[in-house]
Amino acid sequence: MTHGDSAGPVCSLKFVTLLVVLGPELLFVGARVQLQENGYNGLLVAINPQVSEDQNLIPNIKANVIVTDWYGAHGEDAYTLQYRGCGEEGKYIHFTPDFLLNDDLTAGYGSRGRVFVHEWAHLRWGVFDEYNNEKPFYINGQNQIEVTRCPSDITGIFLCEGGPCPQENCVISKIFKEGCMFIYNSTQNATASIMFMQSLSSVVEFCNASTHTQEAPNLQNQMCSLRSTWDVITDSDDFNNSFPMKGTELPPPPTFSLVQAGDKVVCLVLDVSSKMAKADRLLQLQQAAEFYLMQIVEIHTFVGIASFNSKGTIRAQLHQINNDDDRKLLVSYLPATVSAEAETSVCSGLKKGFEMVEKLNGKAFGSVMILVTSGDDEHITNCFLTVLSSGSTIHTIALGSPAVKNLEELSHLTGGLQFFVPDKSNSNSMLDAFSRISSGTGDIFQQHIQLESIGEYVKPHHQLKNTVTVDHSVGNDTTFLVTWQTSGPPEIVLFDPNGRKYYTDDFTTNLAFRTARLWIPGTAKPGLWTYTLNNTHHSPQALKVTVTSGASRSAVLPATVEAFVERDSTHFPHPVTIYAIVRKGFYPILNATVTATVESETADPVTLKLFDDGAGADVIKNDGIYSRYFFSFAVNGRYSLKVRVHHCPSISTLAHSIPGSHAMYVPGYITNGNIQMNAPRKSVGRREEEQRWGFSRISSGGSFFVLGVPADPHPDVFPPCKIIDLEAVKVEEEVILSWTAPGEDFDQGQANSYEIRVSKSLQNIQDDFNNAILVNTSKLNPQQAGTKEIFTLSSELFTNGPEHQPDGETQKSHRIYVAIRAVDRNSLKSAVSNVAQASLLIPPNSTPVFARDYLILKGALTAMGFTGIICLTIVVTHCVLNRKKRAGKKENETKLL
């Protein structure tokens, strides 16, 4: 599909990898989509292992997608998860098996190829939908009822109560009538837009500047500052770095490579140089690696261990884990001491890792390396090409700030995760990192979920006491791990929800690694578990607790959290955006308390709350993606991220719909003058589940690098963030504005003032905000960031005289357009908000301004009045006729006498 130039540009899929055993969290491992010679290489498709094998499934996949069902729910919507702003790439495309296999669905969605183009534009170019199911109609500047669409010349008819009707019948006062819809003609002349209705056969283009409808209340206008989808697409790197193909020839078909999961292979590549002796680095590595081998790595995985200083050594050849004895055997090969040599050679360690895994099947492709190092290595770039060509995924864990500066590039090249462990004995970052790394298939029912992670310095003869929630969706293979810093173990007391006690003697203790582990057989009791750690020694020490558990049964999806940052590195003063996806399967979990903790090497940890309110750093409200800007940079170097999620049992948990940008489902068409309706779109239903205890989750968000932080105190360089949820509603003679308050600095603190401007010209306020009419906001004091703001515009603003236009003409508009920006105390201004609009007049021939309930009541009373009059008329007429009848009868009797 193209934009409609005389010889449109053509892009195609060139090489697609089908990975049939991965889940969404591993979708992009090792995958980097690249535009080469007008084709996209490296697309990855992940088919969830829960999906039943079907020979017809793979031929119907033509995209970079996740393929999985809704775990028993019904619905076929294809969608793209977009969590960033306009022009930014999304996270993934999602197809259900039914969508790929059921040809009946093409009537409502269009061909799968068209749907994919729609979703690909979301994913790759960061454009948004041009329809709006919640606001299907609006009143335009000419006071006409308009359909939310792009372009506006796509034709069709209005339907009211199942039949054609005038458009005026779709409005009751300012409320659009329920059940009214617009049905499109199946044959159109319009060639756009793919982001509106991809199912129309005539549609082969995106809306451009000349066809785009700026007034339409859709996400594209809201998120992209009224820009057309084609304008956003052509500004992307794909079009800036490549010249589109010209001509009418079809692009070549894509080439598919089917990759079936083989043996799961993991190699620990561990630094044993003398630098590991500093700040308990070796001890933390031993504790985390033991925990990983005993609890996290999945059964049937092949695991090997290599170590390195200036040279690499194989400590344990690949050994398949089939039982606990295999796990204990591997633990025995973990390094017990460090060498006297300070020099490190990361490449030597990786070389031994590759050598080890190649003995299994002749190649390292598909293997996983967990690289842990604290040393600097000037020659690490020497093995970048070897690493890239190996096909192995490398997760890197940097210990302390001196660790090699471009270590993270190994993760970036191979699609691995990157972590940072500061030299703080009470930091649990090492355990969190190993808990986040999964070697398995992506099947959530085979993985361990982190419920708790805490570390504190405890004074002599003091205690660390807390509770952790084991909710009903988890409980299998539950493990409590306690670690300490010096001497013997603390005194441990653990209570389950029924009051049963576990003591130190009930834990399996490794005195060499200073760990105590309690495995709960069967399914752990749901509810609150309370633990107490008493420091019985005469010196303070760091005590830590980590709790993991698995899904309790295959029919119940556990809540999960995935934490990450927008980019691996940033330069002051640009902030980092922190994200946490909280969901059950693909359903977003709402109203959770999500807290991020950011640690650096020297400064105190910074804690901030993340929000899912569709404001500030958060793009879409109630999509289960909680976010926040982070800019409290204390020093240059690495920062570590951990996210904690808590959910109360009394608050509604799951959203009723799947978030994301969906391809439009068309309810029907007008074909040859006849209305042909499609089958009703199936909604994605869900069962309400009892939530007696709520839940808690922990997830490491990896690490990021910051450069350019001033050594001395710096002036304020952080403005308030852009307001992206401004709304305007006309109520009688006033316009009520609402938005979410930004902060003094981005989305934190409290701004100093607001600048609100209005115009009767959409183009004016968009292109020349500073010259639009300024609203008096002297009495409007900004509230704390995240608070809902309400402000009322007086009717005098849009009734007293014409607004001056650049061309000297009076703008005759029946709508008012409003935008706003925030100002901090140092006069730093936010970007101009999205443009909100409200109709000043009611469309002609529509019902006068009455509330719907009043109209109904008035209609009922009128009907009753008419009924009463008719009844009274009948009674009076009946009485008169009876009298006449009796009088006539008497007269006849007299004549006869």
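## Some points on the overall build of the protein chain
Right, so step 1: Helix and strand counts for the protein chain stand at 15 helices and 48 strands.
Right, so step 2: Buried positions account for 54% of the 897 residues belonging to the protein chain.
Right, so step 3: Looking at the protein chain alone, contacts between residues at least 24 apart form 74% of all its contacts between residues at least 6 apart.

## Let's talk about the sheet that holds strand S46 (residues 788-793)
Right, so step 1: Read from one edge of the open sheet, 3 strands run S42-S43-S46, paired in antiparallel fashion. Edge positions in the sheet fall to strand S42 (727-731) and S46, since each has one partner strand and no second. When strand polarity is set aside, the average angle formed by the axes of neighbouring strands in this sheet is 20°.
Right, so step 2: Taken together, the 6 bridges between strand S43 (residues 734-740) and S46 define a ladder with antiparallel strand orientation. When the sheet's bridge partners are listed, Leu 737 is paired in S46 with Phe 791.

## Section: the packing of aromatic side chains
Right, so step 1: Applying the stated rule across the entire model yields 32 aromatic pairs.
Right, so step 2: For the pair Trp 125 and Phe 206, a centre-to-centre distance of 6.3 Å together with 85° between the ring planes defines the contact as edge-to-face. Linking Trp 125 in helix H3 (residues 112-125) with Phe 206 in the loop between strand S13 (181-185) and helix H4 (219-223), this pair joins segments that are 81 residues apart in sequence.
Right, so step 3: Accessibility expressed as a relative area gives 3% for Phe 206, which makes it buried.
Right, so step 4: Here the aromatic residues Phe 137, Phe 158, Phe 182, Tyr 184 and Phe 196 are joined through ring pairs into a cluster of three or more.
Right, so step 5: Against the face of Tyr 83 rests Lys 91, its NZ or CZ located 5.9 Å from the ring centre.
Right, so step 6: In this structure, Arg 757 packs its charged tip against the face of Phe 769, placed 5.7 Å from the ring centre.

## Quick word on the state of the cysteines
Right, so step 1: Going through the model one piece at a time under the given rule, you end up with 4 disulfides.
Right, so step 2: There is a disulfide in this structure between Cys 160 and Cys 165, and the S-S distance comes to 2.0 Å. Here the S-S torsion is close to 55°, and the disulfide linking Cys 160 with Cys 165 is therefore right-handed.
Right, so step 3: For Cys 165, a relative accessible area of 15% corresponds to the buried category.
Right, so step 4: Across the disulfide from Cys 347 sits Cys 383; the S-S distance is 2.2 Å. Linking Cys 347 and Cys 383, the disulfide has an S-S dihedral of approximately -75° and is accordingly described as left-handed. Highlighted residues: Cys 347 in helix H9 (residues 346-361) and Cys 383 in the loop between strand S18 (368-373) and helix H10 (384-390), separated in sequence by 36 residues.

## Digging into the confidence of the model for the protein chain
Right, so step 1: Residues of the protein chain with pLDDT of at least 70 account for 83%, and the chain-wide mean is 84.
Right, so step 2: Mean pLDDT across the elements of the protein chain bottoms out in helix H15 (residues 852-896) (40) and peaks in strand S24 (residues 491-495) (98).
Right, so step 3: In this model, residues 1-10 is a region of pLDDT below 50 whose contacts with residues beyond four sequence positions or in other chains number 34 contacts.
Right, so step 4: Across residues 804-811, where pLDDT falls below 50, the model places 10 contacts with residues more than four positions away in sequence or in other chains.

## What to know about the pattern of salt bridges
Right, so step 1: For the coordinates displayed, the defined rule picks out 22 salt bridges.
Right, so step 2: Two residues, Arg 84 and Glu 88, come together in a salt bridge whose shortest N-O distance is 3.5 Å.
Right, so step 3: What makes Glu 88 partly exposed here is its relative accessible area of 32%.
Right, so step 4: Of the charged contacts, one joins Arg 327 and Asp 324 as a salt bridge, the two residues approaching to 4.0 Å between their closest N and O atoms. Taken together, the residues span about one helical turn, with Arg 327 and Asp 324 both in helix H8 (residues 324-331) at a distance of 3 residues.
Right, so step 5: A single network of salt bridges, built from pairs that share partners, joins Glu 755, Arg 757, Arg 821 and Lys 829.

## Considering the sheet that holds strand S17 (residues 312-320)
Right, so step 1: As summarised here, the arrangement of the 6 strands in space is S17-S16-S15-S18-S19-S20, forming an open sheet in which the pairing is mixed. For this open sheet the edge positions go to S17 and strand S20 (418-421), each flanked by a neighbour on one side alone. Mean inter-strand twist for the sheet, computed between neighbouring axes without regard to direction, equals 15°.
Right, so step 2: Here strand S16 (residues 302-308) pairs with S17 via 6 bridges, running antiparallel. Each residue of the ladder has a partner; that of Ser 307, found in S17, is Thr 313.

## Quick word on the nonpolar core
Right, so step 1: In this structure, Phe 95, Phe 99, Trp 125, Phe 158, Met 197 and Phe 206 are the most contacted members of the largest nonpolar core, which totals 54 residues.
Right, so step 2: Ala 617, Val 643, Phe 704 and Val 706 belong to the second-largest nonpolar core, a separate cluster that totals 46 residues.

## Focus: the pairing of strand S28 (residues 527-534)
Right, so step 1: Most of S28 sits out of view: 6 of its 8 residues are buried.
Right, so step 2: Where strand S22 (residues 463-470) meets S28, 8 bridges bridge the pair, whose relative direction is antiparallel. Within S28, the position partnered with Gln 463 by the bridge is Asn 534.
Right, so step 3: Bridge count between S24 and S28: 5 bridges; the pairing is antiparallel. Within the sheet, the bridge partner assigned to Leu 494 lies in S28 and is Tyr 531.

Rules used throughout
- Residues numbered from 1 in each chain as written.
- Predicted model: local features only at pLDDT ≥ 70, side-chain atom pairs only at ≥ 80, totals over all residues.
- Heavy atoms only, no water.
- Helix = DSSP H or I, 4+ residues; strand = E, 2+ residues; numbered from the N terminus.
- Buried < 20%, exposed > 50% of the residue type's maximum accessible area, 1.4 Å probe, protein only.
- Contact = heavy atoms within 4.5 Å.
- Pairing = 2+ DSSP bridges.
- Axes fitted to C-alpha atoms, helices over the stretch in contact; angles between N-to-C directions.
- Phe/Tyr/Trp six-rings, centres within 6.5 Å; stacked < 30°, edge-to-face > 60°.
- Lys NZ or Arg CZ within 6 Å of the ring centre and 35° of its normal.
- Disulfide = S-S within 2.5 Å.
- pLDDT = per-residue confidence, 0-100.
- Salt bridge = Lys/Arg side-chain N within 4 Å of Asp/Glu carboxyl O.
- Core = buried A, V, L, I, M, F, W, Y, C linked by side-chain atoms within 4.5 Å.

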